[in-house]
Amino acid sequence: MGNDKTNMFVAIALSLAVLLGWNYFVAAPMTEKQRQAAIQNKAAAGQTAGPDGMPAPSPQEGGPAAPAPGTLPGLGAQGPVSRDEALARSARLRIDTPALYGSLALKGARIDDVSLKNYHETVSDESPRIVLLSPTGTANPYYAEFGWVGSNAGPLPNGDTVWKADTDVLAPGKPATLTWDNGAGLVFKRIVAVDDKFMFTVRDEVENKGANPVTLYPYGLVSRWGKPVTQGYYVLHEGLIGVLGGDGLQEYTYDKIAKEPAYGGANTQGKAWANVTGGWVGITDKYWAAAAIPDQDKPYTGSFTERSEGATKVYQTSIRGEAATVAPGASAATTQRLFAGAKEVNQINAYERDLGIKQFDLMIDWGWFYFITKPMFRALDFFFHLFGNFGVSILVVTLILKIFFLPIANRSYVSMAKMKAVQPEQAAIRERYKDDKLKMQQATMELYKKEKINPVAGCWPVLIQIPVFFALYKVLFITIEMRHAPFFGWIQDLAAPDPTSLLNLFGLLPFAAPDFIHLGIWPIIMGITMFVQMKMNPAPPDPVQAQVFTFMPILFTFMLGSFPAGLVIYWAWNNTLSVLQQYVIMRRNGVKVELWDNLRNTFKRSEKSAAAKG
């Protein structure tokens, strides 16, 4: 690596170019396309609605037809109704916990009305709370359902079944018991409990008072009507997700599941995993999810499907347990769970640990480099609990990483300092062998060997910084803890870009700056620190390279302007620490610090250029 650190900055530029190029040229068009598709789906949902249903299993799975949860009143010509009107169609059991509020429909016993108390749509606490689950009849129904399926058992509970409840409020420590008699010898009981966060426990019991044995299969499902708007970024999975026993993590986007073969019925595509044990299935957004969780010790069949109900696509993840034969006078029971809430890292981990849910931590999309991303989050979360500010955590973790990699960085900067010290000799070699490139390279390598200089040592700071950069980007992008996390001053959301803009003088002028040119205060600070870091080294001898290096901080300033503020703060702070570290090492090695001379020469050249043009 040369004195001008050419390779170092080229490596950074290429890495960022890949990321930025994807975001600007692939992810953004993809997001817009999906947004338009969602709008069309919503419009279509207002015109057509069909019955709810769960696809039948393929014949080789065995067992009866899978449950058809029944039909709530159709939309008819009026299209979707308001949320309040849809909720009023059925008597309801109110849900009230420290984290959730909503209701459970006594008609159908669906959990279809859940909102999050502690999360709002914007950073303002006055903005609407996040609505997770919605009932049938609204524009985009999204609900969970549990029950039994079988044959020759008489009527089974479905979406039209009206249950009786022994209470009017479901709260932590206050479970609700629902009962229904099918009039043909079977009495069904459902005990629903909820904790103080996001987990429902559903215990289904059936008592056979008839004269003949019956065979029933327990099931659970999460159903979502209409394709939602997704972020469309390659670093984030949104759609159908689950861990299916030994088959492990399965992720299907809304587009991917539509490409699967026909499954279980007309206008239905999907995939099933039979006879698996342990795991869960659900549908995930960036920050929220709903997942059905079977008994972790019993085999089940899991499926992901997409079906058409008129012009509306219905996405569903389902579990169906093994058969339970209930003799006359006997009873059977099964326990399943529903997660419906925010993907808080520590809470997700606690559920996996305390409830024994297999690989439930994979609900959060840590990515292929989870071995870097997860420790990064743990470190940030640890210091957040010490200082109460994730922005401060970023500064502290960056400093610790600098200290941890200090030996490697020191060797790198020492080698670079030695290369500066031998610049006169290098210049003499270039002059002596200007017509013989081979001898020039040989003489240069001999000089490096004599002075114990490693010409590639300067690459290590880049190789260290790039994985840290991407890990922090991933953490800021996917974890809900970073959502609406404030720093100081005007930064109220570290996961969003700096809200200020140079174009309106950072809010002094009375108009909103356009999004396509976003240049806030922190990106400008980052650009200045990058400019100073580059000026620590002499200008490249090649005039073209010198011009490229001069404009690189400006280019990066504009490119990073749309990145999360937390990432820009990290980059600026890391540059500052690198400048201080390099300054100390250069002074210790008796090498002149070029910073002030380079700054002076830069501005002198600018003045001369301006005078020449004038």
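Computed from a prediction, not measured in an experiment: that's the story for all the values here.

**Q** Residue-level account of the nonpolar core, with values.
**A** Side chains of nonpolar character tend, in soluble globular proteins, to be buried together. The biggest cluster of nonpolar side chains holds 118 residues, and the ones touching the most others in it are Phe-200, Phe-339 and Phe-360. Looking at this core, the element that brings in the most residues is helix α10 (residues 460–478), giving nine residues. Discounting residues that sit within four places of it in the chain, Phe-360 has contacts with Met-199, Trp-280, Ile-293, Phe-339, Ile-348, Tyr-351 and Glu-352. Met-419, Val-422, Met-440 and Leu-447 belong to the second-largest nonpolar core, a separate cluster that totals eight residues.

**Q** A description of the sheet that holds strand β20 (residues 331–342) should follow, citing residues and the corresponding values.
**A** As summarised here, the arrangement of the nine strands in space is β6-β8-β9-β10-β20-β16-β15-β12-β13, forming an open sheet in which the pairing is antiparallel. In this open sheet, the two edge strands, each paired with only one partner strand, are β6 (164–165) and β13 (249–252). Note that strand β12 (residues 239–244) and β13 share four bridges and pair antiparallel. Bridge pairing in β13 places Leu-240 opposite Tyr-252.

**Q** An account of the packing of aromatic side chains is needed here, citing residue identities and associated values.
**A** Summed over the entire model, instances satisfying the criterion amount to 21 aromatic pairs. When the ring of Tyr-119 is compared with that of Trp-288, the centres are 5.5 Å apart and the planes differ by 70°; the resulting orientation is edge-to-face. Remark: Trp-288 occurs in strand β16 (residues 288–293) and Tyr-119 occurs in strand β3 (residues 111–120); sequence separation between them is 169 residues. Given the relative accessible area of 15%, Tyr-119 is considered buried.

**Q** So what about the pairing of β13? Which residues, and what values?
**A** Here β13 shows a buried face lined by Gln-250 and Tyr-252 and an unburied face lined by Leu-249 and Glu-251. Between the end of β12 and the start of β13, which pair antiparallel, lie four residues, with Gly-245 showing a positive phi angle near 50°.

**Q** Break down the pattern of salt bridges for me, citing the residues and quoting the values.
**A** When the charged atoms of two side chains lie near each other, side chains of opposite charge can form a pair. What the rule picks out here adds up to 15 salt bridges. Ionic pairing is found between Lys-197 and Glu-344, a salt bridge with its closest N-O pair at 3.2 Å. Within this pair, whereas Lys-197 is found in the loop between β9 (186–194) and β10 (199–208), its partner Glu-344 is found in the loop between β20 and α4 (345–355), the two being separated by 147 residues in sequence. Note on Glu-344: relative accessible area 15%, which makes it buried. Among the charged side chains, a salt-bridge network with shared partners connects Arg-94, Asp-96 and Lys-117.

**Q** Got a sec to walk through the packing of helix α11 (residues 521–534) against helix α13 (residues 565–588)? Specific residues and values, please.
**A** Where α11 contacts α13, the axes come no closer than 9 Å and their chain directions differ by 25°. Accordingly, the angle class assigned to the pair α11 and α13 is roughly parallel. Crossing geometry of α11 relative to α13 is assigned as left-handed. Contacts between α11 and α13 involve Trp-522, Pro-523, Ile-525, Met-526, Thr-529, Met-530, Val-532 and Gln-533 from the former and Val-568, Ile-569, Trp-571, Ala-572, Asn-575, Thr-576, Ser-578 and Val-579 from the latter.

**Q** Please provide a residue-by-residue account of the UniProt feature "transmembrane region" (unreviewed entry) in the protein chain, values included.
**A** Here the UniProt feature "transmembrane region" (unreviewed entry) sits at residues 382–409, 459–480, 516–536 and 548–573. Helix makes up 89% of residues 382–409 and strand 0%, and the two end C-alpha atoms of the span are 25 Å apart. Counting secondary structure, residues 548–573 comes out at 81% helix and 0% strand; the distance between its end C-alpha atoms is 23 Å.

**Q** Which residues make up a nonpolar patch on the surface, and what are the values?
**A** Nonpolar side chains collect at one region of the surface, where Trp-368, Phe-369, Tyr-370 and Phe-371 lie side by side and expose about 590 Å² of accessible area between them. Taking the relative accessible area as the measure of exposure, Phe-369 reaches 52% and is therefore exposed.

**Q** Residue-level account of the environment of Met-536, with values.
**A** One can find Met-536 in the loop between α11 and α12 (543–559). Counting along the chain gives 47 residues from Met-536 to Tyr-583, while the straight-line C-alpha distance between them is 7.9 Å.

**Q** Got a sec to walk through the pairing of strand β15 (residues 279–284)? Specific residues and values, please.
**A** Among the six residues of β15, six are classified as buried, and the element is accordingly described as predominantly covered. Because side chains alternate across β15, one face comprises the buried residues Gly-279, Val-281 and Ile-283, and the other comprises Trp-280, Gly-282 and Thr-284, equally buried. Pairing of β12 with β15 involves six bridges; the strand directions are antiparallel. Its bridge partner lying in β15, Gly-239 is registered against Thr-284. Relative to β16, β15 is paired through four bridges, and the arrangement is antiparallel. Bridge pairing in β16 places Ile-283 opposite Ala-290. Counting the residues in the hairpin turn of β15 and β16 gives three residues.

Definitions and cut-offs
- Residues numbered from 1 in each chain as written.
- Predicted model: local features only at pLDDT ≥ 70, side-chain atom pairs only at ≥ 80, totals over all residues.
- Heavy atoms only, no water.
- Core = buried A, V, L, I, M, F, W, Y, C linked by side-chain atoms within 4.5 Å.
- Buried < 20%, exposed > 50% of the residue type's maximum accessible area, 1.4 Å probe, protein only.
- Helix = DSSP H or I, 4+ residues; strand = E, 2+ residues; numbered from the N terminus.
- Contact = heavy atoms within 4.5 Å.
- Pairing = 2+ DSSP bridges.
- Phe/Tyr/Trp six-rings, centres within 6.5 Å; stacked < 30°, edge-to-face > 60°.
- Salt bridge = Lys/Arg side-chain N within 4 Å of Asp/Glu carboxyl O.
- Axes fitted to C-alpha atoms, helices over the stretch in contact; angles between N-to-C directions.
- Parallel < 35°, antiparallel > 145°, perpendicular 65-115°, else oblique.
- Left-handed = near helix turned anticlockwise from the far one by under 90°.
- UniProt positions renumbered as here; feature names shortened; annotations may be inferred.
- Patch = residues over 30% accessible without salt bridge, like charges linked within 9 Å, V, L, I, M, F, W, Y side chains within 5 Å.
- Areas by Shrake-Rupley, 256 points an atom, 1.4 Å probe, with all protein chains shown as cover.

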